[in-house]
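# Structural description and commentary
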Amino acid sequence: MAHVFTYGTLMWPDIMARVCGPDVEPGTPVAATLAGHARRPVKGEDYPAMIPAVGHQVVGRLYLDLPEAALARLDRFEGGDYERHEVLVTLSDGSWQRAWTYLFKPGLAARLDDGDWDEARFERDGKVRFVTRYVGFDAL
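Residues numbered from 1 in each chain as written. Predicted model: local features only at pLDDT ≥ 70, side-chain atom pairs only at ≥ 80, totals over all residues. Heavy atoms only, no water.

### Focus: the pairing of strand β5 (residues 96-104)
One ladder, built from nine bridges, connects strand β4 (residues 82-91) with β5; its direction is antiparallel. Across the sheet, Glu86 pairs through a bridge with Trp100, a residue of β5. (Pairing = 2+ DSSP bridges. Helix = DSSP H or I, 4+ residues; strand = E, 2+ residues; numbered from the N terminus.)

### Some thoughts on the environment of Thr9
Secondary-structure assignment places Thr9 in the loop between β1 (2-6) and α1 (13-20). Given a relative accessible area of 6%, Thr9 falls into the buried group. Linking Thr9 and Phe122, residues 113 residues apart in sequence, is a C-alpha distance of 8.1 Å. What Thr9 contacts, discounting residues up to four positions off in sequence, is Ile15, Tyr47, Pro48, Phe77, Trp117, Phe122 and Phe130. (Buried < 20%, exposed > 50% of the residue type's maximum accessible area, 1.4 Å probe, protein only. Contact = heavy atoms within 4.5 Å.)

### Quick word on the pairing of strand β2 (residues 30-41)
Two elements, β2 and strand β3 (residues 48-66), share eleven bridges in a ladder whose sense is antiparallel. Bridging from a neighbouring strand, Arg39 pairs with Met50 of β3. Counting the residues between successive antiparallel strands, the hairpin from β2 to β3 contains six residues, one of them, Gly44, with a positive phi of roughly 75 degrees.

### A short note on the pattern of salt bridges
Following the criterion strictly, the structure yields eleven salt bridges and no others. With a closest N to O distance of 3.8 Å, Glu45 and Arg133 form a salt bridge. Taken together, the residues span a long stretch of sequence, with Glu45 in the loop between β2 and β3 and Arg133 in helix α3 (residues 119-133) at a distance of 88 residues. Of the residues examined, Glu45 reaches a relative accessible area of 34% and is grouped as partly exposed. One salt-bridge network, in which partners are shared between bridges, spans Arg39, Arg61, Asp116 and Glu119. (Salt bridge = Lys/Arg side-chain N within 4 Å of Asp/Glu carboxyl O.)

### What about α1?
Of all the positions in α1, only Ile15, Met16, Val19 and Cys20 are classed as buried. Along α1, the residues classed as buried sweep out an arc of 130 degrees about the axis, all on the same side. Next to the buried residues of α1 lie β1, β3, α2 (68-78) and α3. (Arc of directions from axis to C-beta.)

### Re the packing of α1 against α3
Taken N-terminus to C-terminus, the directions of α1 and α3 make an angle of 20 degrees; their axes are 12 Å apart at the nearest point. Regarding the angle of α1 to α3, the classification is roughly parallel. Read as a crossing pair, α1 and α3 show a hand that is left-handed. Residues Asp14, Ile15 and Arg18 of α1 touch α3, and the partners they reach there are Phe122, Lys127, Phe130 and Val131. Residue composition of the contact of α1 with α3, grouped by class: four nonpolar, no polar and three charged. (Axes fitted to C-alpha atoms, helices over the stretch in contact; angles between N-to-C directions. Parallel < 35°, antiparallel > 145°, perpendicular 65-115°, else oblique. Left-handed = near helix turned anticlockwise from the far one by under 90°. Nonpolar A, V, L, I, M, F, W, Y, C, P; charged D, E, K, R; others polar.)

### Quick word on the packing of α1 against α2
Taken N-terminus to C-terminus, the directions of α1 and α2 make an angle of 105 degrees; their axes are 8 Å apart at the nearest point. Classified by the angle their axes make, α1 and α2 are roughly perpendicular. Of the residues in α2, those in contact with Met16, Arg18, Val19 and Cys20 of α1 are Ala70, Arg73, Leu74 and Phe77. Looking at the contact of α1 with α2 residue by residue, the classes come out as six nonpolar, no polar and two charged.

What follows is the structure, encoded as structure tokens:
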């Protein structure tokens, strides 16, 4: 079993459930923060990327106790632009938890826009478009 820190489209439990597959119930995520990283919009996409960035932090959601099969599906979902890394996140009660997360590959930084990815905008304008555009959930 593994914990996974999410910071973009996978923060929505309905999207996470589709990615993890029909045999996995990802549960309700808990709030978590990752220091030393920044979340940036990917140019022309509804989803963000996360990169190391001194002095920044990313607020996201932590899914607990996901099976290895879910990690394999997450790896395929994230594709070749992201790498899975183990990180240490801070929970709302101040405790720490080890988790996996996906970082954008360093050589692809030119594909990122400035500023933080807009979570509210994604929910309002991009979520339906993202789910409709991404037809590969069942193929993971």
